[in-house]
Amino acid sequence: QEYGTVEQKKKYLPGLVTGKYIPCFGLTGPENGSDAGGNIDTGIVRKSKDGKVYIDVTVNKRYITLAPVANLVGLAFNLEDPDNLLQKGQEGITVALLEGNHPGLNKTTHHIPLDAGFPNGTVKGKLEIDLNQIIGGEELAGHGWKMLMECLAAGRGICLPATAKASSNVSTLAMMQYAKHRKQFKI
């Protein structure tokens, strides 16, 4: 919504609203946890034999919420451009948006920590990503850190109060049911 190109917004926002697209976001790797500034996957800007510029990246993301059921995947990686092929944008943390059937994308592993049924898994694969799949297009290559921090702050502004409210509701319901059915000393 904030950074996508006009085409990306037209294509994906309506489907996200209706549930046609189930999103996930791949940041966490086996070595960096949730530290976006840490050692995350590296994408290299390359040029094919036919002159097409693309990003070559191998991703290995772990503990990705909704990964097993997602059909729209946001991926963060550190973009490098050793041959100066980018016309716009820059090197640095970049976020791309891929549909679930993207060639080479593998989301088949399902983590089940503590036997919770919540869909959590891996996002892996050796991928070729078009520059137009960068959120915001080539122009926003290397601007992923800003995207991540702003969206994380906005998401927490919604998620944390909602979670606190839900926890309060569950606690209140449990105590009301306990008080309603509890009998002690024949009272």
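Structure: see above.
To start, this report covers the structure provided alongside it. Note that the structure is a prediction, hence the values are computed from the model and not measured. (Residues numbered from 1 in each chain as written. Predicted model: local features only at pLDDT ≥ 70, side-chain atom pairs only at ≥ 80, totals over all residues. Heavy atoms only, no water.)

Attention now goes to the pattern of salt bridges. Evaluation of the coordinates by the stated rule reveals five salt bridges. Across the pair D41 and K61 runs a salt bridge whose closest N-O atoms are separated by 3.0 Å. Of this pair, D41 sits in the loop between β1 (23-26) and β2 (42-47) while K61 sits in strand β3 (residues 53-65), and the two are 20 residues apart along the sequence. Judged by its relative accessible area of 15%, D41 is buried. Since its relative accessible area comes to 0%, K61 is described here as buried. Where K126 meets D56, a salt bridge forms, and the shortest distance between an N and an O atom there is 3.0 Å. Taken together, the positions of K126 in strand β7 (residues 120-130) and D56 in strand β3 put the pair 70 residues apart, joining distant regions of the chain. Classification of D56 as buried rests on a relative accessible area of 16%. (Salt bridge = Lys/Arg side-chain N within 4 Å of Asp/Glu carboxyl O. Helix = DSSP H or I, 4+ residues; strand = E, 2+ residues; numbered from the N terminus. Buried < 20%, exposed > 50% of the residue type's maximum accessible area, 1.4 Å probe, protein only.)

What follows deals with the nonpolar core. In terms of nonpolar packing, the biggest core is built from 23 residues, with I55, L75, F77, V123, L127 and I129 touching the most fellow members. Those elements that provide at least two residues to this core are β3, β4 (72-80), β5 (92-99) and β7. Sequence-distant contacts of I129, defined by excluding residues within four places in its chain, comprise Y54, I55, V57, F77, A96 and L98. Counting 13 residues, the second largest nonpolar core, distinct from the first, contains L27, I40, A76 and I93. (Core = buried A, V, L, I, M, F, W, Y, C linked by side-chain atoms within 4.5 Å. Contact = heavy atoms within 4.5 Å.)

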